[in-house]
Amino acid sequence: MDTNYLENNYLTLVGKVTGEKKFSHEIYGERFYIFNLSIPRLSGNADIIPITVSERLLNEETLTEGRKLLVKGQFRSYNSYENEKNRLILTVFAKDIMEVEENEVEEENEIVKKDIITNEVVLVGYICKKPIYRQTPFGREISDILLAVNRAYNKSDYIPCIAWGRNARFCQNLDVGAQVKVVGRVQSRTYEKKFEDGTSETRVAYEVSVGSLEVIEEKDNEKEEISEDKEAV
């Protein structure tokens, strides 16, 4: 089957630059930087998402603190080896960045006035670990999913996803190798990492909060779909 990698993994974010950009790496003379984009939630909180961007998409003022940007790109992962341990690092790889005025976003190549939150990611990939279903002490249903999304040059991105409610119940029955389409939002959350010596460290995790999930049946093109209306906070 032919694969269009831009259709497998694409996102649109609108948020404000927070903090300073940092040098990431250089490939064939092209320098890449990382900066954080603050994207508001309906709850009033915000997701702080790392963005990796080429110097070719930037000018001197693009990443000014507080500047509102529209970012289009892909949610990617790579492995980082620290202290002889492998750690999955997640980042948004920007393919296009543009400045927008307050309450303005791009729609069908036109800048229009809107007072909405823009944070959407679409992934088509394969379940690569059995989903973990659990319930919180308050009875909320959650499933943790690890999705392998194909990328060009025989690479794959491994994207953690979290499903809620009906989606969570549905996901617990998915088999490893099942192909699915996920639509959701990129979110950040802090957690405490505890070590064997009793110490702990505050870390930030990034994942896709699933809004809808569709199982893709390659043989007969039949599809099953389930959606969750409420946003997970």
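The structure displayed is predicted, hence computed values, not measured ones.

Points about the pattern of salt bridges
At step 1: Tallying each qualifying case throughout the model produces twelve salt bridges.
At step 2: Of the charged contacts in the structure, one is a salt bridge between Arg 41 and Asp 47, with a shortest N-O distance of 2.7 Å.
At step 3: Arg 41 sits in the buried class, given a relative accessible area of 11%.
At step 4: Among the salt bridges present, the one from Arg 203 reaches Glu 201, with a minimum N-O distance of 2.8 Å.
At step 5: Owing to a relative accessible area of 36%, Glu 201 belongs among the partly exposed residues under this scheme.
At step 6: Look at the salt bridges and you will find they share partners, linking Arg 41, Asp 47 and Arg 185 into a network.

Notes on the side chain of Glu 207
At step 1: As for its placement among the helices and strands, Glu 207 is situated in strand 13 (residues 200-216).
At step 2: For Glu 207, a relative accessible area of 5% puts it in the buried group.
At step 3: A polar atom in the side chain of Glu 207 sits 2.7 Å from the side chain of Gln 187.
At step 4: A distance of 2.8 Å separates the side chain of Glu 207 from the side chain of Arg 189, its partner in a polar contact.
At step 5: The contact partners of Glu 207, leaving out residues within four places of it in the chain, are Phe 75, Pro 160, Ile 162, Arg 185, Val 186, Gln 187 and Arg 189.

A look at the pairing of strand 1 (residues 9-27)
At step 1: In this structure, strand 1 lies alongside strand 8 (residues 119-127), joined through five bridges in antiparallel fashion. Note that in strand 8 the partner of Leu 11 across the bridge is Val 121.
At step 2: Pairing of strand 1 with strand 2 (residues 30-40), which is carried by eight bridges, proceeds in the antiparallel orientation. Within strand 2, the position partnered with Lys 22 by the bridge is Ile 34.

Reading the values: rules and limits
- Throughout, residues of each chain are indexed from 1 in the direction in which the sequence is written.
- Thresholds applied to this predicted model are a pLDDT of at least 70 for local features of residues and 80 or more for the giving and counting of side-chain atom pairs; totals over whole chains, interfaces and linings are not thresholded and use all residues.
- As a rule here, side-chain values come from all non-hydrogen atoms in the structure, and water together with hydrogens is ignored.
- Salt bridges are identified by distance alone: a Lys or Arg side-chain nitrogen within 4 Å of an Asp or Glu carboxyl oxygen.
- Only protein chains enter the calculation, and the probe is 1.4 Å; a residue is then buried if its accessible area is under 20% of its type maximum, exposed if over 50%, and partly exposed in between.
- Runs of E in the DSSP output that reach at least two residues are strands. Runs of H or I that reach at least four are helices, and both are numbered from the N terminus.
- Definition of a polar contact: a pair of N or O atoms within 3.5 Å, with one able to donate and the other able to accept a hydrogen when the atoms are protein atoms, and with sequence-neighbouring residues admitted only if both atoms are side-chain atoms.
- Contacts were defined at the residue level, with two residues in contact if any of their heavy atoms lie within 4.5 Å.
- Strands were regarded as paired on the criterion that DSSP finds at least two bridges between them.

These figures capture arrangement, not role.
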